[in-house]
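One-letter residues, chain by chain:
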Amino acid sequence: VSECTFNKVNISTMPMFDVEYIFLNIRAKSIGEDIKMNITCPDDGETKVPVTIYVDEIKVQKQKDHKIDIVLDDKMTLRMKYPSLNQFIDNNFNTSDEPESQVQKTFKVVADCMDTVYTEEDAWDVKDYSPQERLDFVEKLSSKQYKLIEKFFQTMPKLSHTIEVINPNTKQKNSVVLEGLADFFG
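About the criteria used
Residues numbered from 1 in each chain as written. Predicted model: local features only at pLDDT ≥ 70, side-chain atom pairs only at ≥ 80, totals over all residues. Heavy atoms only, no water. Helix = DSSP H or I, 4+ residues; strand = E, 2+ residues; numbered from the N terminus. Phe/Tyr/Trp six-rings, centres within 6.5 Å; stacked < 30°, edge-to-face > 60°. Buried < 20%, exposed > 50% of the residue type's maximum accessible area, 1.4 Å probe, protein only. Core = buried A, V, L, I, M, F, W, Y, C linked by side-chain atoms within 4.5 Å. Contact = heavy atoms within 4.5 Å. Pairing = 2+ DSSP bridges. Axes fitted to C-alpha atoms, helices over the stretch in contact; angles between N-to-C directions. Parallel < 35°, antiparallel > 145°, perpendicular 65-115°, else oblique. Nonpolar A, V, L, I, M, F, W, Y, C, P; charged D, E, K, R; others polar.

Student: Give a detailed account of unusual backbone geometry, specifying residues and quantitative values.
Tutor: One non-glycine residue, K171, lies in the positive phi region at around 65°. Along the chain, the position of K171 falls in the loop between β8 (158-166) and β9 (173-179).

Student: For the packing of aromatic side chains, give the residues involved together with the corresponding values.
Tutor: A complete count under the given rule lists four aromatic pairs for this structure. Seen in terms of ring centroids, F107 and Y146 are 5.6 Å apart; in terms of plane orientation they differ by 65°. Their pairing is edge-to-face. On the criterion of sequence distance, the pair formed by F107 in helix α3 (residues 102-113) and Y146 in helix α5 (residues 143-155) is long-range, its members being 39 residues apart. Residue Y146 is classed as buried on the basis of its relative accessible area of 16%. Judged by centre distance (5.0 Å) and plane angle (80°), the rings of F152 and F153 are edge-to-face. Residue F153 is classed as partly exposed on the basis of its relative accessible area of 21%.

Student: Provide a residue-level description of the nonpolar core, including the pertinent values.
Tutor: In this structure, L24, I39, V51, I163 and L178 are the most contacted members of the largest nonpolar core, which totals 20 residues. Ignoring sequence-local partners within four residues, the contact set of I39 consists of T47, K48, V49, V51, I163, V165, V176 and L178. Judged by nonpolar contacts, the second largest core, of 16 residues, contains V109, V117, V126 and F152.

Student: I'd like a description of the sheet that holds β8, backed by residues and values.
Tutor: Taking strand neighbours across the sheet as the criterion, the three strands line up as β3-β8-β9 in an open arrangement whose pairing is antiparallel. The two strands at the open ends of the sheet, each matched to only one other strand, are β3 (59-61) and β9. Strand-to-strand twist of the sheet, defined as the mean angle between neighbouring strand axes without regard to direction, takes the value 50°. Where β3 lies against β8, three bridges are found, and the strand directions are antiparallel. Bridging from a neighbouring strand, Q61 pairs with K158 of β8. Contacts between helix α1 (residues 16-30) and the sheet are confined to β3 and β8, with β8 contributing the most and set at about 60° to the helix.

Student: Lay out the packing of α3 against α5 with the relevant residues and their values.
Tutor: Between α3 and α5, the least distance of the axes is 12 Å, while the angle of their chain directions is 80°. When the interaxial angle is binned, α3 and α5 end up roughly perpendicular. Where α3 approaches α5, its residues T106, F107, V109, V110 and C113 are matched on the opposing element by Y146, I149 and F153. Of the residues that constitute the contact of α3 with α5, the class distribution is seven nonpolar, one polar and no charged.

Student: How would you summarise the pairing of strand β5 (residues 77-80) if you had to cite specific residues and measurements?
Tutor: Bridge analysis of strand β4 (residues 69-71) against β5 gives three bridges, and the strand direction is antiparallel. Residue pairing in the sheet places V71 in a bridge with T77 of β5. As consecutive antiparallel partners, β4 and β5 are separated by five residues. As paired strands, β5 and strand β6 (residues 114-118) are joined by four bridges and run antiparallel to one another. For R79, the partnering residue across the bridge sits in β6 and is T116.

Student: Tell me what's going on with the environment of I166, and back it up with residues and numbers.
Tutor: Here I166 shows up in strand β8. Classification of I166 by relative accessible area gives exposed; the value is 51%. On a C-alpha basis, the gap between I166 and D43 in space is 9.7 Å, while along the polypeptide they are 123 residues apart. Look past the residues within four positions of I166 in its chain and what remains in contact with it is V49, K171, Q172 and K173.

Encoded structure:
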């Protein structure tokens, strides 16, 4: 991606959904704007139907209830940022000798995605704090506050496309949602 954008785009710090969108569109310009694939019909889980998807129809979908500002209590708000490509790689392909539990990985992702903590009077840029201080902050969140942060991740934008297929055996109409590059190239 960097080479194809003449190094004007730093993909390592971009959100994954932006990297996926750019990559998909570079692929469209170099190979072709249509993607031919076989979709397994959800109604029987077996029948495969050939489909053609056009890249210009695939968009980053944003949910209406998504917010980057999370009100933690009546005084404090946490502004989040999206996980970058580097964070995705670190979280999914950890090469360190120290194994991490899933909870530790999740807390680390949350801590890495914090941007600013603010009140009506003050604001604190989270990058001014050490990774351990950020982790400590995350670990002290109440379950209610943590649920709000989970919602941020669950509703964040994603590369997504819904297609309709008809199972030729059952004549059943199926909606299939494709999300992320793996679904478009898997």
